[in-house]
Amino acid sequence: MTFRLGLTGSIGMGKSTTARMFVDEGCALWDADAAVHRLYAVGGAAVPAMTAAFPGVVVNGAVSRAAIKDLIAADPLVLSRIEQIVHPLVAADRKAFSAETVSDIAVYDIPLLFENRGESQMDATVCVTATPDIQRDRVMARGTMSEEQFQMILAKQMPDAEKRARSDYVIETDTLEHARAQVQDVVRDIRENRLNA
Ligand SMILES: CC(C)(COP(=O)(O)OP(=O)(O)OC[C@H]1O[C@@H](n2cnc3c(N)ncnc32)[C@H](O)[C@@H]1O)[C@@H](O)C(=O)NCCC(=O)NCCS
Ligand SMILES: Nc1ncnc2c1ncn2[C@@H]1O[C@H](COP(=O)(O)OP(=O)(O)OP(=O)(O)O)[C@@H](O)[C@H]1O
């Protein structure tokens, strides 16, 4: 049996970094954002529908994130329409991963786990968290989003406090060392107390 651990957290809280730490502990990983990257790439499953819905958003055969962000800036409702195209394809990608994974623990890195009620398909959930100042600094340091885009994404996401309250485990991503120790604690707890329980 594979134990399904849903990993979530708001934008910039450290999901990808923490997910890699779970891999270091021997867990398999499925990453929703990475699935979207595959879907948007040349030959990706989202390309035909995105071309049809938003002419101009596909550049050289791939969905352009810059073009999407321009569209969203002009009309925030565009993001919901993109979600209607992308989320069913993401779900199919996840299903294919689940069917073939053989690890004792599979980590599902899903930014919108609670927003889309995905927790019902998980055996446990873990949320990564940091202070609002650290979160904002991290997102702005990447230089890929404007302050307005960051605020818009934040407004679409469930507040951090609510995610923490709903999660079985909470990991503070204040330092790499602290986060790694917490990841090791979570993996130990699952292997000792939850797997085959
Ligand atoms: C808005 C887009 C163009 C921003 O691209 P960019 O490369 O700058 O950021 P990236 O994809 O790495 O996402 C960064 C973070 O933004 C947040 N985020 C992304 N999409 C959404 C969304 N639809 N709702 C709420 N938060 C979101 C997540 O926390 C995510 O980890 C891109 O995220 C996108 O196309 N989103 C629609 C698909 C989607 O819903 N993805 C979420 C995971 S399934
Ligand atoms: N435990 C940690 N200690 C210090 N810095 C961290 C820690 N975890 C993540 N970071 C830093 O925070 C930034 C964001 O991390 P990461 O990309 O993992 O977040 P994310 O939640 O996956 O982001 P997004 O929601 O935008 O996809 C990165 O620069 C990363 O190096």
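The numbering scheme is per chain: residues are counted from 1 as the chain's sequence reads. Lettering of chains starts at A and numbering of ligands starts at 1, both following the order in which they are written. Under the rules for a predicted model, residues below a pLDDT of 70 receive no local features and side-chain atom pairs below 80 are neither given nor counted, while totals for whole chains, interfaces and linings still include all residues. To obtain the side-chain values, all non-hydrogen atoms of the structure were included, while hydrogens and water were left out.

By the naming in an unreviewed UniProt entry, the protein chain is Dephospho-CoA kinase, taken from Roseovarius pelagicus. UniProt positions are given in the numbering used here, feature names are shortened, and annotations may be inferred rather than shown by experiment. Turning to the protein chain, the UniProt record has this under Sequence similarities (unreviewed entry): "Belongs to the CoaE family." Its UniProt record gives the protein chain the following Catalytic activity (unreviewed entry) comment, quoted word for word: "3'-dephospho-CoA + ATP = ADP + CoA + H(+)".

Moving on, we get to the layout of surface pockets. Points on a 1 Å grid, built from protein atoms alone, make a cavity when a 1.4 Å probe fits but cannot get out and make a pocket when they are open with protein on both sides within 12 Å along at least 5 of 7 lines; residues with an atom within 4 Å of a point are the lining residues. Grid points are joined across faces, edges and corners, and a volume is the space filled by probe spheres set on the points. Within this model, the largest pocket holds a volume of roughly 1,500 Å³. In terms of lining residues, the largest pocket is bounded by 44 residues, among which Asp-33, Val-36, Arg-65, Pro-111 and Ile-153 are the most central. In this text, helices come from DSSP runs of H or I with a minimum length of four residues, and strands from runs of E with a minimum of two, each type numbered from the N-terminal end. Elements supplying a minimum of two residues to the lining of the largest pocket: helix 1 (15–24), helix 2 (32–40), helix 4 (65–74), helix 5 (78–100), helix 6 (132–142) and helix 7 (147–156). It is helix 5 that provides the largest number of residues to the lining of the largest pocket, a total of eight residues. Classifying every residue of the lining of the largest pocket gives 21 nonpolar, 12 polar and 11 charged. Ten residues, namely Ala, Val, Leu, Ile, Met, Phe, Trp, Tyr, Cys and Pro, are considered nonpolar, four, namely Asp, Glu, Lys and Arg, are considered charged, and the remaining ones, Gly among them, are considered polar.

This brings us to the site of ligand 1. Summary of the distance rule: residues count as near a molecule or strand when at least one heavy atom falls within 4 Å of that molecule or strand. By nearness alone, 17 residues border ligand 1, and Asp-33, Tyr-40, Arg-65, Lys-69 and Glu-83 come closest of all. Any pair of N or O atoms that falls within 3.5 Å is considered a polar contact. Within protein, one atom must be able to donate a hydrogen and the other to accept it, and sequence-neighbouring residues count only if both atoms are side-chain atoms. In the model, an oxygen atom of ligand 1 is placed 2.6 Å from a nitrogen or oxygen of the Asp-33 side chain. With respect to ligand 1, the side chain of Glu-83 contributes an N or O atom lying 2.6 Å from a nitrogen atom. To measure how exposed things are, a 1.4 Å probe is used in the Shrake-Rupley method; for residues, cover is taken only from the protein chains shown. Against a free-state accessible area of 760 Å², the protein chains account for coverage of 91% of ligand 1. Placement of ligand 1 is best described as lying within the largest pocket. Each molecule is checked against the cavity or pocket grid, and it sits inside if more than half of its atoms lie within 2 Å of the grid points.

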